Amino acid sequence: MSVSLRDVTVRRRGKTILGPLSIDLDAAGFSIVLGPNGAGKTTFLKILHGVERVTDGTAEWSVSAEEARQAQAYVFQSPIMLRRSVGQNLAYPLQLLGMDKADVAKRVLDWAGRIGLSDALERPAPRLSGGERQKLALGRALIRSPKVLFLDEPCANLDGRSTREIETLLLAAQRDGTRIIMTTHDLGQARRLASDIVFLLNGQVHERAPASEFFTTPKTVEAKAFMEGDIVE
Amino acid sequence: MNEIWAGILAAFRLIVTLDGDLVEITLRSLQVSLSALVIASAIALPFGTWLAIRRFRYRRATIATLNALMGLPPVVVGLIVYLLLSRSGPFGVMGLLFTPTAMIIAQVIIITPLIASITHQAMRELWAEYHDLLISLNTSKRQRIATLIWDGRRTLLTAALAGFGRAIGEVGAIMIVGGNIDHATRVLTTAIALETGKGDFALALGLGFVLIALALLVNFAIHALSRTEREGTW
Ligand SMILES: Nc1ncnc2c1ncn2[C@@H]1O[C@H](COP(=O)(O)OP(=O)(O)OP(=O)(O)O)[C@@H](O)[C@H]1O
Ligand SMILES: [Mg+2]
């Protein structure tokens, strides 16, 4: 399913933190949202997911809002752990769907393996390390095989190897038909994964381009500066 | 002073020999307060949780009312329940006055606001933590409440225990609506009041020790629970 934002503005406490912006995202692909801290990346993702209030304008998916939300998953910038075991955290989204116990157990085992937490199934999730939590949050998001997956800096605290493992999982999910929209501050990662780039600056879509184009011939000076590691304002 | 020592000794003898009256009164106390606890919890836990996650127009007013109800003097509750249940009252035909049922009703009214208020505070905290995730997963209201109650069950148990502690030690309301009738509505607190008045310190002290032991037990349980909650061990 695709989405289109029309003149979306988000104001909080009298300050415009996003927009007005208009953008269309197709039903397939791996979009990466880049931009400095405070550019509005998290707000942008939450608007798309439908969990943040829009002050003005419209955000519409090609299907009903209800159907859209049900087919999406979101990994938050700071992972939210249920006060339960790792296994129960993985099982939770499936239980909500009323899936039967045997199927749930099978999928939980499968995903615990894929995120490298097979040995930690019984451990309380809030006691995991920061990196382990991020992996768990990712597994919990993917376990429903969502049509659209939002990720807000999923690799922020991970070492090189964990980052690779997660990228492999994401690419596999994409192959299986999951549309991915992700933010990152890791430009190497953006180069490795992105099919297209949304470059946000001060709450505006400053540049939008296929990944190959964006990295080789950025159209704006700010995007160029951002990639060279300069501070953009 | 001698009289008190003799009383304490006699009290121990009553406890050690499992004196019939003492056991009967203790069991009735537990029956009344545990029934009240179950009913109050069935109302207060879902209500407190609902209050924590639901935004509506009179939310603040409701919470303020709840906190005010928490401070209701038990004697006044007893008086109101008495009036409602007495022969000429609206529920007089049911003949509930001076029965354990009347005492349970009074205690439910006394502890429901307390349990609901503690529940509301704990659930508000948990809801703040879970909010984004539960919204993102497109949970129904019912699923949200169930999740919060399940994951907050330790705090909720603490709330329930606090309610039980208040119920078992309460005397004013059950004295009025129960009437402290021997072998019918006599419970720990009302018996202590009566025996003390009569000068039978042995039984009064024996009952007092049982009551203190129950109160200590409840407090230890609350303490242990809140520690496991803080350390995040499930
Ligand atoms: N509820 C709110 N009330 C007021 N300001 C807000 C609110 N939410 C976000 N903001 C502000 O909006 C701006 C954009 O926030 P957002 O979280 O989208 O940035 P971001 O691009 O994700 O940043 P980062 O890279 O640090 O995660 C920030 O300046 C932030 O302080
Ligand atoms: Mg952010």
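The rules behind these values
- Residues numbered from 1 in each chain as written.
- Chains lettered and ligands numbered in written order.
- Predicted model: local features only at pLDDT ≥ 70, side-chain atom pairs only at ≥ 80, totals over all residues.
- Heavy atoms only, no water.
- Helix = DSSP H or I, 4+ residues; strand = E, 2+ residues; numbered from the N terminus.
- Rg over C-alpha atoms; globule rule 2.2 N^0.38 Å.
- Buried < 20%, exposed > 50% of the residue type's maximum accessible area, 1.4 Å probe, protein only.
- Contact = heavy atoms within 4.5 Å.
- Lys, Arg positive; Asp, Glu negative; His and termini not counted.
- Charge placed at Lys NZ, Arg CZ, Asp CG, Glu CD.
- Areas by Shrake-Rupley, 256 points an atom, 1.4 Å probe, with all protein chains shown as cover.
- Near = heavy atom within 4 Å.
- Polar contact = N/O pair within 3.5 Å; in protein donor to acceptor, adjacent residues only side chain to side chain.
- Nonpolar A, V, L, I, M, F, W, Y, C, P; charged D, E, K, R; others polar.
- Patch = residues over 30% accessible without salt bridge, like charges linked within 9 Å, V, L, I, M, F, W, Y side chains within 5 Å.
- Salt bridge = Lys/Arg side-chain N within 4 Å of Asp/Glu carboxyl O.
- Core = buried A, V, L, I, M, F, W, Y, C linked by side-chain atoms within 4.5 Å.
- Donors = N, O, S within 2.8 Å, 3.2 Å for Na, K, Ca; no water.
- Axes fitted to C-alpha atoms, helices over the stretch in contact; angles between N-to-C directions.
- Parallel < 35°, antiparallel > 145°, perpendicular 65-115°, else oblique.

Draft legend 1. Layout of the overall build of chain A. Scanning chain A for helices and strands turns up 9 helices and 9 strands. Against the globule reference of 17 Å for 233 residues, chain A gives a C-alpha radius of gyration of 18 Å, in line with a compact fold. Overall, the C-alpha framework of chain A stretches about 50 × 40 × 35 Å when taken along its three principal axes. Each of the 233 residues in chain A was classed as buried or not, and the buried ones make up 53%. Long-range pairs, those at least 24 residues apart, make up 67% of the contacts in chain A with a sequence separation of at least 6. The centroid of the 31 positive side-chain charges in chain A is displaced by 5 Å from the centroid of its 28 negative side-chain charges.

Draft legend 2. Focus on the overall build of chain B. Along its length, chain B carries 10 helices and 0 strands. Each helix (α) and strand (β) of chain B, taken in turn from the N terminus, gives the series α-α-α-α-α-α-α-α-α-α. Reported as C-alpha extents along the three principal axes, the dimensions of chain B are approximately 70 × 50 × 25 Å. Buried positions account for 47% of the 234 residues belonging to chain B. Expressed as a percentage of contacts within chain B between residues at least 6 apart in sequence, the contacts between residues at least 24 apart total 73%. Element-wise, carbon and sulfur atoms account for 68% of the exposed surface of chain B, whose accessible area totals about 11,800 Å². Mean positive and mean negative side-chain charge positions of chain B (19 and 14 charges, respectively) differ by 14 Å.

Draft legend 3. Highlighting the site of ligand 1. Residue and element names in this part refer to chain A. Around ligand 1 sit 14 residues, and of these Gly 38, Lys 41, Thr 42, Thr 43 and Gln 77 come closest. In the model, an oxygen atom of ligand 1 is placed 2.7 Å from a nitrogen or oxygen of the Lys 41 side chain. Thr 43 places a side-chain nitrogen or oxygen 2.6 Å from an oxygen atom of ligand 1. Counting only elements with at least two residues in the shell around ligand 1, the list comes to strand 2 (15-25) and helix 1 (41-49). Sorting elements by how many residues they give to the shell around ligand 1 places helix 1 first, with 3 residues. In the shell around ligand 1, the residues fall into 3 nonpolar, 7 polar and 4 charged.

Draft legend 4. Up close: a nonpolar patch on the surface. On the surface, Val 75, Val 76, Ile 80, Leu 84, Phe 91, Val 93 and Met 94 of chain B cluster together into a nonpolar patch covering about 660 Å² of accessible area. One can find Val 75 of chain B in helix 4 (residues 74-85).

Draft legend 5. Spotlight on the nonpolar core. With 89 residues, the main nonpolar core has Leu 5, Phe 44 and Leu 48 of chain A as its most contacted residues. Ranked by residue count, the leading element in this core is helix 5 (residues 100-136) of chain B, at 16 residues. Counting residues in hydrophobic clusters, the runner-up holds 52 residues, among them Ile 115, Leu 121, Leu 142 and Met 182 of chain A.

Draft legend 6. Up close: the coordination of the magnesium ion (ligand 2). All names here are of chain A. Every protein donor of the magnesium ion (ligand 2) is accounted for by Thr 42 (OG1) and Gln 77 (OE1), and the metal-donor separations fall at 1.9 to 2.3 Å. Pair noted here: Thr 42 is in helix 1 and Gln 77 is in the loop between strand 5 (72-75) and helix 3 (86-96), with a separation of 35 residues, a long-range link. Accessibility expressed as a relative area gives 23% for Thr 42, which makes it partly exposed. Among the residues examined, Gln 77 registers a relative accessible area of 39% and is labelled partly exposed.

Draft legend 7. Region of interest: the packing of helix 5 (residues 130-142) of chain A against helix 6 (residues 160-175) of chain A. Residue and element names in this part refer to chain A. At a minimum axis distance of 12 Å, the contact between helix 5 and helix 6 shows a crossing angle of 10°. As judged from the angle between their axes, helix 5 and helix 6 are roughly parallel. For the pair formed by helix 5 and helix 6, the contact residues are Lys 135, Leu 138 and Leu 142 on the first element and Ser 162, Glu 165, Ile 166, Leu 169, Leu 170 and Ala 173 on the second. Classifying every residue of the contact of helix 5 with helix 6 gives 6 nonpolar, 1 polar and 2 charged.

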